[in-house]
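Residue-level structural notes
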Amino acid sequence: MNSPVGKRKARHHPIVRLTHWVSALALLIMGASGLRIFNAYPAFARKGEYFGWWPWEGQPIAANLTFGAWLGGARHWHFAMMWVLVANAVVYVGFLFLHGEWRSLRPVRGDFRDALEMTKFYLYLRPKHPVQDSKHNALQKNTYLVMLLAGVMAVVSGLAIWKPVSLGWITTLMGGYALARWWHFLAMLILATLTIIHVIMVFAVDPYAIRAMTTGGYDEDRFSPEARNARPFVHLLPAEAASSAIAVTDAAALRTEAEK
Amino acid sequence: MTTPEKPLRLVRRAGDLMDRTVESLRSSGQMERRDFLRLGSLALGGALLSACNSQGPKWADGWLKTAEKQNEKVERWLLSHDKINRGAPGAMLAGDKFPSYFISPTVPLWDYNTGPWFLEIGGAVKKPVTVSLMDLMALKSRRQRVEHFCVEGWSAVEILTGALMTEVARRVEPTSDANYVDFVSFDKNYHESWDIESALHPQTIVAYAKEDVLLSPAYGAPARIHSPIKLGYKNTKYLTKIMFMPERNGGYWSDIGYEWYGGT
């Protein structure tokens, strides 16, 4: 309210907000049903061959992390939700290109250095939050780019597993059926790991992002992690809270001074 | 292969309770919209957690069925008789590490006391025939190294020899309305019906030998249908009948709930 009108535009376009939550749901269901499918044969080796994935080869995933109840049920969910995931990704990537937002994810020189600076800030090795020229900091930007690429990897390796004969050329590209399953699993691991870190960081650094990603409200000057100089788990209050608190104490001190 | 109704019912009951609580708090003015949203997201999280290992909500069944039908269309469109599986060049043959399965309590064996084994080929055809193993072996055959894909996710490489299904069809002359083929076994009531395009794929064979030795009972003796174009469960072992049909008639695993198409 106390910032200029021009600055109060939504942080995320409605299409970005919508596709964010659709992909959250789709990824959750794809991941959990995929793990149920994996549990039907929790290994990668062809029969009669060896796959160097010790000690995990043959180890099933805990049932509580799976979805679909049985192999057939999980397959139905997986093969239905895959269209939602892909259609949603097409809308999102299409939006990125049509609205020029791809620039905020494009890898550029200095990304590594900026990510290093962010890491130093989080580790209290530098006092000030690095200056951001886009809505993401360097760590976020790299994460979201890797997630997009892991998504592509999941789709391509998924096609190789789904249609190893009809789309045999993709399976060959992946190094065969057994390796395609491995790439698919790895893509899931990358997506799951980064998603979990993402969710933790939302709560630990930028809880205002939840509102920005749902109803859209966001006040850059008060809420942005840069304005709050927010490190994980600290400085969660709006930017002016700290300074106004100081102002109040200052005024009180002055008053006491005057009364003397 | 269970249908866990119980966890779902619990989720629904918990959801109802939450709804009622929130609604009463809201109408009594004790709760703001923000708190309502907060509680709501907690409830959603709880529902997601209890959805673990469940089959999903009942209302999604129709959507899943539609997706399966649409997927079948895509798969049939992708199916090509030019796509040949070469059995993962460089991979090891599975040999006796190749899993064997059947649904009878013990390995199904043809009971020769009831007479010799014959394969009946009929249904929607002009010239139905009944052939012996010798007749089958006299048909134009194919020896192929293929990768076998199981619905469970494993694959195994083997070399199979058998009569070409295209040759079988040429002999019996299917009628123009023969859109499906049913492969029936003597392993209890096991059968699986296929779309005719997959049945007439050049790699679909009535196999009688594995790695140049006649099929052993564990692998479907005396003969089985096999094609790398279908998932393992569609490839009926212990074959007794090949029936051409105008309509599909499901199959053992398809009726349990796996995809009917089961293509690769």
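For the structure itself, look to the data block above.
Everything in this summary refers to the structure shown in the same document. (Residues numbered from 1 in each chain as written. Chains lettered and ligands numbered in written order. Predicted model: local features only at pLDDT ≥ 70, side-chain atom pairs only at ≥ 80, totals over all residues.)

This part takes up the overall build of chain A. Helix and strand counts for chain A come out as 10 helices and zero strands. Counting helices and strands in the order they occur from the N terminus, chain A gives α-α-α-α-α-α-α-α-α-α. Over its C-alpha trace chain A gives a radius of gyration of 23 Å, far above what one expects of a compact globule, namely 18 Å for 260 residues. By its C-alpha atoms, chain A is 90 × 40 × 40 Å across when sized along the principal axes. (Helix = DSSP H or I, 4+ residues; strand = E, 2+ residues; numbered from the N terminus. Rg over C-alpha atoms; globule rule 2.2 N^0.38 Å.)

Within chain B, the regular secondary structure consists of seven helices and 10 strands. Per-residue burial over chain B gives 34% buried out of 264 residues. When contacts within chain B are restricted to residue pairs at least 6 apart in sequence, long-range pairs at least 24 apart make up 72% of them. (Buried ≥ 20, exposed ≤ 12 C-beta atoms within 10 Å, placed from the backbone. Contact = placed C-beta atoms within 7 Å.)

This paragraph deals with the nonpolar core. Counting 44 residues, the largest nonpolar core has A26, I29, M30, A74, W77, M81 and Y177 of chain A as its most contacted members. Going through the elements one at a time, helix 1 (14-39), helix 2 (71-98), helix 4 (138-162) and helix 6 (177-204) of chain A together with strand 4 (155-164) of chain B are the ones with two or more residues in this core. In contact with I29 of chain A, other than residues within four places in its own chain, are F67, W77 and M81 of chain A. Residues L136, A163, A169 and V206 of chain B belong to the second largest nonpolar core, which totals 33 residues. (Core = buried A, V, L, I, M, F, W, Y, C linked by C-beta atoms within 7 Å.)

All names here are of chain B. Across the sheet, which stays open at both edges, the five strands sit in the order 2-1-10-5-6 with mixed pairing between neighbours. At either end of the open sheet lies a strand with only one pairing partner, and these are strand 2 (129-131) and strand 6 (191-195). Geometrically, the sheet is characterised by an average inter-axis angle of 15 degrees between neighbouring strands, direction not taken into account. In this sheet, strand 10 (residues 239-245) lies alongside strand 5 (residues 180-185) in antiparallel orientation, the contact comprising six bridges. Bridge assignment links V181 to a residue of strand 10, and that residue is F244. (Pairing = 2+ DSSP bridges. Axes fitted to C-alpha atoms, helices over the stretch in contact; angles between N-to-C directions.)

Following W54 of chain A, the chain continues to P55 of chain A via a peptide bond in cis, the omega torsion being 0 degrees. Structurally, P55 of chain A is set in the loop between helix 1 and helix 2. The phi dihedral of E173 of chain B is positive, around 55 degrees, even though this residue is not glycine. Positionally, E173 of chain B belongs in the loop between helix 5 (165-172) and strand 5. E173 of chain B gets classed as exposed once you count the C-beta atoms within 10 Å, which come to 12. Phi is positive for E211 of chain B, which is not a glycine, with a value near 50 degrees. Within the secondary structure, E211 of chain B sits in the loop between strand 7 (205-210) and strand 8 (213-214). The exposure class assigned to E211 of chain B is partly exposed, which follows from the 15 C-beta atoms found within 10 Å.

With that settled, the discussion passes to the pairing of strand 6 of chain B. Residue and element names in this part refer to chain B. Across the five residues that make up strand 6, a large majority, four, are buried. Pairing of strand 5 with strand 6, which is carried by five bridges, proceeds in the antiparallel orientation. Counterpart to F183 in the pairing with strand 6 is E192. Counted between consecutive antiparallel strands, the loop separating strand 5 from strand 6 contains five residues, among which K188 sits at a positive phi close to 50 degrees.

Glancing now at the pairing of strand 10 of chain B. Strand direction decides the pairing type here: strand 1 (residues 119-123) of chain B and strand 10 of chain B, joined by four bridges, are parallel. Looking across to strand 10 of chain B, one finds that I121 of chain B is bridged to I242 of chain B.

Attention shifts here to the interface of chain B and chain A. Of the residues lining the interface, 45 residues belong to chain B; the matching set on chain A comes to 35 residues. Elements represented by at least two residues in the side of chain B that touches chain A include exactly helix 3 (61-78), strand 3 (141-149) and strand 4 of chain B. The element best represented in the side of chain B that touches chain A is helix 3 of chain B, accounting for six residues. Within the side of chain B that touches chain A, the residues separate by chemical class into 25 nonpolar, 14 polar and six charged. (Nonpolar A, V, L, I, M, F, W, Y, C, P; charged D, E, K, R; others polar.)

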